[in-house]
Amino acid sequence: GKIVEQLMTPEEKQTIIECCPTSNRLIGQIPEWSMHPLKFFTEEKLNVLICTDDPEIFHTDWKKEYEIVEQITSKARTLNEYAKDLASQKLSQSS
């Protein structure tokens, strides 16, 4: 039960990882974008949800976050495809 669940990878659990690149870097003390875990998440094809965290405090918006995602991963289109796939899975499950 719980031990097996703890050993499962996020992909096996169909977990969605919320990622707020700007606040992750500032709060998480990530010294440079190339070290951001988002690159690993996308390489491992994990489900990632890009968000803004306190946009007024961090002076960011969706466009800036998406530009950062492109800079980190060079795979922004792939993230968009993940979102579409996830949405279609949810729709088919609810039917």
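Residues numbered from 1 in each chain as written. Predicted model: local features only at pLDDT ≥ 70, side-chain atom pairs only at ≥ 80, totals over all residues. Heavy atoms only, no water.

Peer 1: Explain helix α6 (residues 62-73) to me, please; I cannot follow it from the model alone.
Peer 2: Since the α-helix turns once every 3.6 residues, residues separated by three or four places project in the same direction. Over its 12 residues, α6 extends 16 Å from the first C-alpha to the last, a length consistent with the 16 Å expected when each residue adds 1.5 Å. Looking only at α6, the buried set comprises Glu-65, Ile-68, Val-69, Ile-72 and Thr-73. The buried residues of α6 occupy one face: seen down the axis, they fall within an arc of 110 degrees. Opposite the buried face of α6, at more than 90 degrees from it, the exposed residues are Lys-63 and Gln-71. Sitting at the amino-terminal end of α6 is Asp-61, which places a side-chain oxygen 3.1 Å from the backbone nitrogen of Lys-63. One or two positions beyond α6, positive phi appears at Ser-74, with a value near 55 degrees. (Helix = DSSP H or I, 4+ residues; strand = E, 2+ residues; numbered from the N terminus. Expected span 1.5 Å × (residues − 1). Buried < 20%, exposed > 50% of the residue type's maximum accessible area, 1.4 Å probe, protein only. Arc of directions from axis to C-beta. Polar contact = N/O pair within 3.5 Å; in protein donor to acceptor, adjacent residues only side chain to side chain.)

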